[in-house]
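Listed below, chain by chain, are the residues.
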Amino acid sequence: QVQLVESGGGLVQPGGSLRLSCAASGRFDSINAMDWYRQAPGKQRELVAAVRSGGSTNYADSVKGRFTISRDNAKNTVYLQMNSLKPEDTAVYYCYCNVRVSQWNYQFWGQGAQVTVSS
């Protein structure tokens, strides 16, 4: 079992910044992926940013140039630095983690962090 603990959400004015973090703990051999998703009211959950074990990253077009995903492998933690926030970034942000245990892969979700961008 893997536990994901998210932190860093909150209320911010348009143009402001927030940093989310997600720490993974538990029994696993390696982490294949740690990504950030978000879900706004009435909308489907969407991928915001992804980082792979080799360091490659991928972003949704709507956040490119504003959000940065990074990963601390020693701490099994992934971060999402969000700058120039817009009201349309308001959503619950979820951490996603895919781990390797023996020959199997397992996926887990964090509890979600509310991000509200409003004046």
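In what follows, the structure referred to is the one given above.
This write-up is about the structure you can find in this document. (Residues numbered from 1 in each chain as written. Predicted model: local features only at pLDDT ≥ 70, side-chain atom pairs only at ≥ 80, totals over all residues. Heavy atoms only, no water.)

**So, the overall build of the protein**
Here is the rule we go by: Each helix is a run of H or I in the DSSP string that is no shorter than four residues. Each strand is a run of E no shorter than two, and both are numbered from the N terminus. Note on method: radius of gyration uses C-alpha positions; expected globular size equals 2.2 Å times residues raised to 0.38. To sort residues, take the accessible area from a 1.4 Å probe on protein chains only and compare it with the maximum for the residue type: under 20% means buried, over 50% means exposed, and anything in between is partly exposed. What makes two residues a contact is simply this: any of their non-hydrogen atoms within 4.5 Å. A 1.4 Å probe and the Shrake-Rupley method give the accessible areas. Residues count as covered only by the protein chains that appear here. Under the convention used here, Asp and Glu are negative, Lys and Arg are positive, and both His and the chain ends fall outside the count. We put the charge of a Lys on NZ, of an Arg on CZ, of an Asp on CG and of a Glu on CD.
When its secondary structure is counted, the protein shows zero helices and eleven strands. Scanning the protein from its N terminus toward the C terminus, one meets helices and strands in the order β-β-β-β-β-β-β-β-β-β-β. Computed over the C-alpha atoms, the radius of gyration of the protein is 14 Å, within 12% of the 14 Å expected from 2.2 N^0.38 for a compact globule of 119 residues. In terms of its C-alpha atoms, the protein occupies a principal-axis envelope of roughly 50 × 25 × 25 Å. With 119 residues in all, the protein has 41% of them scored as buried. By sequence separation, contacts in the protein at least 24 residues apart represent 54% of the contacts at least 6 residues apart. If you sum the accessible surface of the protein, you get close to 6,400 Å²; carbon and sulfur atoms cover 46% of it. One way to put it: in the protein the 12 positive side-chain charges average out to a point 2 Å from where the 8 negative ones average out.

**Considerations on the side chain of Arg38**
Operational definition: Here a polar contact means two N or O atoms within 3.5 Å. Within protein one must be a hydrogen donor candidate and the other an acceptor candidate, and residues neighboring in sequence count only if both atoms are side-chain atoms.
Here Arg38 is to be found in strand S4 (residues 30–39). Take Arg38: its relative accessible area is 5%, and that puts it in the buried class. Separated by 2.9 Å, the side chains of Arg38 and Tyr93 make a polar contact. Apart from residues lying up to four places away in sequence, Arg38 is in contact with Gln44, Arg45, Glu46, Val48, Ser62, Val63, Phe67, Glu88, Asp89, Ala91, Val92 and Tyr93.

**Details of the pattern of salt bridges**
Just so we agree on the cut-off: We define a salt bridge as a contact between a side-chain nitrogen of Lys or Arg and a carboxyl oxygen of Asp or Glu at a distance within 4 Å.
Evaluated as defined, the whole model comprises five salt bridges. Residue Arg52 pairs with Asp35 through a salt bridge whose shortest N-O separation is 2.8 Å. Of this pair, Arg52 sits in strand S5 (residues 46–52) while Asp35 sits in strand S4, and the two are 17 residues apart along the sequence. Take Arg52: its relative accessible area is 34%, and that puts it in the partly exposed class. Asp35 gets classed as buried once you look at its relative accessible area, which sits at 2%. Note that Asp89 and Arg38 form a salt bridge whose closest N and O atoms lie 3.0 Å from each other. Placement of the pair is Asp89 in the loop between strand S8 (77–82) and strand S9 (91–101) and Arg38 in strand S4, with a sequence separation of 51 residues. Note on accessibility: Asp89 and Arg38 belong to one class, buried.

**Regarding the sheet that holds strand S7 (residues 67–72)**
Inclusion rule: Note on pairing: DSSP must find at least two bridges between two strands before they are called paired. Every angle, taken between N-to-C directions, lies between 0 and 180 degrees, and every axis is a line fitted to C-alpha atoms, over only the stretch in contact when it is a helix.
Pairing in this open sheet of four strands is antiparallel, and the strands run S1-S3-S8-S7 from one edge to the other. In this open sheet, the two strands that pair with only one neighbour each are strand S1 (2–7) and S7. Neighbouring strand axes in the sheet, compared pairwise and without regard to direction, differ in orientation by 15° on average. Two strands pair when backbone bridges link them, and strand S3 (residues 18–26) and S8 are joined in this way by six bridges, in the antiparallel orientation. Bridging across to S8, Cys22 finds its partner in Val78.

Scope: geometric values only; no functional claims are made or implied.
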